[in-house]
Structure formats: C-alpha cells, structure tokens
Amino acid sequence: MQFSYGEVDSRDLAKGLAQACIGLFVVVPSSAILIAETYHHLFRFYSTVSTILITLVLLYVATRVYLLRRGGEFRTRPATVLALAIVSAASSASAQVSLGSKDLVYSVIFTISSLFIGLVGDLSMLVIGWLATDALIIWVDYSVGYRSWDLFWAVTIIAVTDGCIEGMAANAVTALTSLTGLRSEIDALAETIVAANSIDVGLENCLPLVKETLRAESVCAFVRDFSGAAFTLRRAWPDDGDRFLGLVESQDFRRATSTGSTVANKDYVIIPVGYTVVGELILIGDLRSPGKKSQARITEAAEGIANCFVRLASRSELDNALVNESRTDPLTGLANRRKLGERIDIEIERASPSGQGLCVAMIDIDNFKSFNDLYGHLTGDEVLKKLASRLASRVRAVDLVARYGGEEFCIVMPDTSIDGAVTLIRTIARDEVEVSNGAVVTFSAGLSVWEEGKGAVDLIADADKLLYQAKGSGRNSLCHRQVGMGPDSFVCVPNLSNALGEGMRLRPEGVTPSDGTETKLAGSLPQ
C-alpha cells in the first residue's frame, strides 16, 4: 500500500488539513452534546468516544504533516489497512449496540468500511472484510432485538448491500489499475520510440514492448513499399515470424489494410500504422498465449501502439527530410559534395570484390564566369538548373548526379565500362543548353575509372585533372582514360556538343588532327 502527496501543493494541503481539523472540532463535540441530551445515561460513553476520536484525528493529522515534510510518502502493510477498517466497523457496531436502537444507523458505517476495503484491497482482503462485517451485522442485529425472520432479512439486506458496494468498488479499481498499467506500458513504449532514429531501429527496440503490452505470444511487422507490391515481413519478435506469413492473404488482413482500422479476434490483432519512409507498415500480434485478455484492453492497447508508431513514422520522415536537405544542393536539387563522397565510397566497396566497373565524370560549364558577367547571375542560375535537369533525366536510376560546386557537376556511374560512360556523356552533350535569352552554352568533362587501391578522393582528383585537360584543349570536349594505356595517357573527344553529328574526333593536347582519325596520347597530366 502507498499513499502519496507528491503532486499536492504543500500550501493547499496545509489549508485542507486545517479546515478538516476545524470541522472535526465542531462536529464531534456538537454530536456528543446532542446525543448526551437525548440519552443522558450514555453521556459518559459518548464523551469517552469523542475524546478518543479527537485524539486519533489529531494523531492522524500530525503524522501526515510529519510525513509531508519528510518527503510526502506513507507506506503500510495491506493487513494493517484491513485491520483498521474492521476495527472501525467494530467500533461503530459497539456504538449501535450501546444505543440499543433498531434504526440501524451503523449500516452506513459498514458501507463506508466495505467501500474502503474494496478500493484498496485485494481478493483476500475483500473476502475477509466482507465476512468480518457480516459477523458484526449478525451480532448487532441480534443484540438490538431482531429475531427469526426479522433477523434473517435484516442481515441479508445489509450483507448483500455491503457485498455489492464492495464488489463494485473493487471492479472499478481493477479497471482503473489495468488502464493505469496500460498507460504506463504505452508511455514506456513512447519513450523507447523517442530514442529511435529510424523505423528499423524502432521496430527492433519496440517489438518486445509491443508483445508485453498486447500480452501476445509474438509480434511482427509487415511492410509494403510504394510500388504497391505484396507485404513482406520486416521484423518479428521473439521468433522469425514465419507463422504470420499466411495472414497476409487473410480477409482480416485485407480489411485492416483497406479500412486503416484495427482488427482483433481471439487469435490475432492486426494494427495498421500507416505510411512511413520505408512503406506501409502493419503490426500483427499473436494472442494465442495463455492468460486472460480483455477485448477492450486489446483495442485500447492497439490504438496506443499505433499512435506511438505513427509518431515514429512522422519523426523518421522529418529526420529523413533533414538528412536529404543536408545532402542536397538547394539551387539544383541535386546531391551535394557530402552525398557524392558517401556514394562513391559505397560504390567502391561494391566494386572491389566483384571487379565491376565504376566511372566518375566531372563536368564544368564552359566560360561560365564570362557568361555570368554578360547576362547576369539570374540567367547563370537558369543555366545551372537546366543542365542539372538534363543530367538527372539522362542517367540511369543507379547513377548519381551531384553538384560539386559553382558550375561543376559530377556523375557517379557504377557497373559501367569506359565506353558506356563516354556514350552517356556524348548523349547528354548532344542537346545544347539554351536559356531564355537565346544564349547557348556547352560544357567540358573529365572521366576517371576506378582501379584497385583508389579511393573517392583519388577518383574525383583524377576526373578533375582530365577536366582541366579538356578545358585546356579548347573546351566543349571530353577527356578520359583509355583501358590498356599508360597511367598518364588519355583520350580527348573535341566538339563534344556536335560529336554525334560530326563523328567522334580525338586530338592530342593543343593539336587538332585534320583527318578526323582517333589519336591515342601518351602525355603527362598536370599534377
């Protein structure tokens, strides 16, 4: 048992105790005088009872004030509470026997005692309290003169009333305690979700708590991606969740997903959470574990769990948006340098064991500074956005286009040969970038190829050197490594924007061959 004043203001509590003391000092003596005038032979009895009662009240108040100053908590044993309730009922019964009246005013006191036991007691306390008060009822009714059927009906009516009040109080407290316990479990789940930074982490940390909250044997999470494919098992606890796979095709599952509302029966509860960054999320709990379960509690728990995961989904979307914003160029909407470096590192890890090709292109708009000076920065921004749009629309889904800085862009092309990368850059350059004032701009490009031992910095630096060589060779051109040539060898494609129409022409640095044939160079790139 525990009674706490932790949430009560000390001034309010002091005022309440003072008012209670004043009321008792007025009511108790007044009642004693009134009874003494009516029953003169009982004056000494009531005087004694009043003195004891006032003493107990003062002791009670002093104890509470002391405990409040010591931290506001009072602990005692349930048996002590039961004994005090029975002693209170016995005192009232003794008073009724002393009066010798059949008015049965003591029955109210029995009701109050039973109500108190029902509020704070467990099952054993309820049984003991009810039997004790019934014994007192029989004793009082017999002592005041009830006999035969009068005794039977008086005892029956009061005992049944007493038991009903005790039972209703106990049921109310049980429901309240269950609800309070459920709220505590939901609060614990919410606190765990707050600490999660993604849907998967949230599922890993929270499914055990979901299992306990639902009183389920096991729980799992299904996800359907945004393409509308079938639901797939994302995570389960404590087993692998294979038992749930058949439920995906069940009518209850389809009803839950189509209506967005919880579906529960004696075996399962299906909780649709909604859409998250990983897709549509559905939670399922297996309720076939032993133990008494209330349908109302399951529904309440399912609603609380769904709300917690909706909060996780919203937070994950926000975190995902913040992450994307931190890795996105605000002008063009492309990836920025941070995401570029992360992506190249990932593709290098994929390429290393498999030997698959990885190419990185560095693209720079020709004469962009002069263009800005001539047409203004707003027109320059228009060029950047148009080129970014063209780059993003021409590449594959597995490729990444990033704005490296200023007028420079990078394309990461995994699983791509050097010939495939050259073809892609030529295709992009075929359609010239034209802005609203009719001006046409071209770009130059450097293309590097990943080799064993190279990192992201090496790939970008190599592409940048080749870009520098392309711009030095007259701009509107592409320079790239050639497989099988020396480390300092490169090939250039001049007139890049017209390359497909005129045929590919390769030239050494500063030299344009007149016959249009391919030329392999063996020169030194700038260090």
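What you see is a predicted model; the values in this text were computed from it and never measured. (Residues numbered from 1 in each chain as written. Predicted model: local features only at pLDDT ≥ 70, side-chain atom pairs only at ≥ 80, totals over all residues. Heavy atoms only, no water.)

Things to note about the overall build of the protein
A tally of regular secondary structure across the protein gives 15 helices and 15 strands. Burial statistics for the protein: of 527 residues in total, 40% are counted as buried. Long-range contacts, defined as pairs at least 24 residues apart, comprise 64% of the intrachain contacts of the protein with a sequence gap of at least 6. Split by element, the accessible area of the protein, about 28,000 Å² in all, is 57% carbon and sulfur. (Helix = DSSP H or I, 4+ residues; strand = E, 2+ residues; numbered from the N terminus. Buried < 20%, exposed > 50% of the residue type's maximum accessible area, 1.4 Å probe, protein only. Contact = heavy atoms within 4.5 Å. Areas by Shrake-Rupley, 256 points an atom, 1.4 Å probe, with all protein chains shown as cover.)

Comments concerning the packing of helix α12 (residues 377-394) against helix α13 (residues 418-430)
Running from N to C, α12 and α13 point in directions that differ by 135°, and their axes come no closer than 10 Å. When the axis of α12 is compared with that of α13, the two are oblique. The two elements α12 and α13 meet at a crossing, and its hand is right-handed. Two secondary-structure elements touch here, α12 through Arg390, Leu391 and Arg394 and α13 through Leu424, Ile428 and Ala429. Of the residues assigned to the contact of α12 with α13, the class counts are 4 nonpolar, no polar and 2 charged. (Axes fitted to C-alpha atoms, helices over the stretch in contact; angles between N-to-C directions. Parallel < 35°, antiparallel > 145°, perpendicular 65-115°, else oblique. Left-handed = near helix turned anticlockwise from the far one by under 90°. Nonpolar A, V, L, I, M, F, W, Y, C, P; charged D, E, K, R; others polar.)

A few points about the pairing of strand β13 (residues 443-449)
Remember that side chains alternate between the two faces of the sheet whenever the strand is regular. Burial within β13 is extensive, with 7 of its 7 residues counted as buried. Here β13 shows two buried faces, one formed by Phe443, Ala445, Leu447 and Val449 and the other by Ser444, Gly446 and Ser448. Bridge analysis of strand β8 (residues 358-365) against β13 gives 7 bridges, and the strand direction is antiparallel. Each residue of the ladder has a partner; that of Asp364, found in β13, is Ser444. In this fold, the crossover linking β13 to strand β14 (residues 478-480) by way of helix α14 (residues 456-472) has left-handed handedness. (Pairing = 2+ DSSP bridges. Right-handed = clockwise from strand over helix to strand, strands pointing away.)

Here's the deal with the pattern of salt bridges
What the rule picks out here adds up to 19 salt bridges. Among the salt bridges present, the one from Arg243 reaches Asp239, with a minimum N-O distance of 2.7 Å. Using a relative accessible area of 33% as the deciding quantity, one classes Arg243 as partly exposed. A salt bridge links Glu347 to Arg343; the shortest N-O distance between them is 2.8 Å. Placement of both Glu347 and Arg343 in helix α10 (residues 337-354) is noted, with a separation of 4 residues, approximately one turn of the helix. Pair check on accessibility: Glu347 and Arg343 agree, each one buried. Among the charged side chains, a network of salt bridges with common partners joins Glu217, Asp239, Arg243 and Asp286. (Salt bridge = Lys/Arg side-chain N within 4 Å of Asp/Glu carboxyl O.)

Some remarks on the environment of Leu119
By secondary structure assignment, the location of Leu119 is in helix α4 (residues 106-120). Here Leu119 falls in the partly exposed class, since its relative accessible area comes to 42%.

Quick look at a nonpolar patch on the surface
On the surface, a cluster of nonpolar side chains totalling about 390 Å² of accessible area is made up of Leu123, Val127, Trp130 and Leu131. Relative to the helices and strands, Trp130 is located in helix α5 (residues 123-143). Look at Trp130 and you get partly exposed, because its relative accessible area is 32%. (Patch = residues over 30% accessible without salt bridge, like charges linked within 9 Å, V, L, I, M, F, W, Y side chains within 5 Å.)

Overview of the packing of aromatic side chains
On inspection of all chains with the given rule, the structure shows 7 aromatic pairs. Between the aromatic rings of Phe371 and Tyr375, the centroid separation amounts to 4.7 Å while the plane-to-plane angle is 45°, which identifies the pairing as tilted. Here the residue Phe371 and the residue Tyr375 both occupy positions in helix α11 (residues 368-375), the gap between them amounting to 4 residues, near one helical turn. Look at Tyr375 and you get partly exposed, because its relative accessible area is 36%. (Phe/Tyr/Trp six-rings, centres within 6.5 Å; stacked < 30°, edge-to-face > 60°.)

Looking at the sheet that holds strand β3 (residues 218-224)
Strand order in the open sheet formed by 5 strands is β4-β3-β7-β6-β5, with antiparallel pairing between adjacent strands. The sheet terminates laterally at β4 (232-237) and β5 (263-264), the two strands that pair on one side only. Contacts from helix α7 (residues 199-214) reach β3, β4, β6 (268-276) and β7 (279-286), with the element oriented near 55° to β4.

Examining the state of the cysteines
The tally for this structure, following the rule as stated, stands at 1 disulfide. Disulfide partner of Cys479: Cys492, at an S-S distance of 1.9 Å. As the torsion about the S-S bond is roughly 65°, the Cys479-Cys492 disulfide counts as right-handed. Separated by 13 residues along the polypeptide, Cys479 in strand β14 and Cys492 in strand β15 (residues 491-493) bring together distant segments of the chain. (Disulfide = S-S within 2.5 Å.)

Describing unusual backbone geometry
Following Trp237, the chain continues to Pro238 via a peptide bond in cis, the omega torsion being 5°. Turning to its location among the elements, Pro238 is positioned in the loop between β4 and α8 (251-259). The phi torsion at Arg215 lies on the positive side, around 55°, for a residue other than glycine. Relative to the elements of secondary structure, Arg215 occurs in the loop between α7 and β3. Its identity is not glycine, yet Asp415 carries a phi of approximately 55°, on the positive side.

What to know about the confidence of the model for the protein
Mean pLDDT for the protein: 75, with 68% of residues reaching 70 or above. Ignoring residues within four places in sequence, the model shows residues 1-8, a span with pLDDT below 50, making 22 contacts including any to other chains. Counting contacts from residues 499-527, a segment whose pLDDT is below 50, to residues more than four positions away or on other chains yields 56 contacts. (pLDDT = per-residue confidence, 0-100.)

What to know about the nonpolar core
Membership of the largest hydrophobic core comes to 33 residues, with the highest contact counts inside it found for Phe409, Ile411, Ile425, Phe443 and Leu447. The set of elements that each furnish at least two residues to this core consists of β8, α11, α12, β10 (408-414), α13 and β13. The element that contributes the greatest number of residues to this core is α13, accounting for 7 residues. Residues within four places of Leu447 in sequence aside, it is in contact with Cys359, Val360, Ala361, Met413, Ile418, Ala421, Val422, Leu466, Leu478, Cys479, His480 and Arg481. (Core = buried A, V, L, I, M, F, W, Y, C linked by side-chain atoms within 4.5 Å.)

Some thoughts on the sheet that holds β10
One key point about sheets: their strands pair by backbone hydrogen bonds, in either a parallel or an antiparallel sense. Strand order in the open sheet formed by 6 strands is β9-β10-β8-β13-β14-β15, and the pairing between neighbours is mixed. Each edge of the sheet is formed by a strand with only one pairing partner; in this case those strands are β9 (400-405) and β15. With direction set aside, neighbouring strand axes in the sheet form an average angle of 20°. Seen against the sheet, α13 touches β8, β10, β13 and β14 and runs at an angle of roughly 165° to β13.

So, α11
The set of residues buried in α11 consists of Phe368, Phe371 and Asn372. Buried residues in α11, looked at end-on, bunch into an arc of 100°, giving them a common side. Among the exposed residues of α11, those oriented more than 90 degrees off its buried face are Lys369, Asp373 and Leu374. Looking at the packing, one finds that the buried side of α11 touches β8, α12 and β12 (440-441). Looking one or two residues past α11, Gly376 carries a phi angle of roughly 100°, positive in sign. (Arc of directions from axis to C-beta.)

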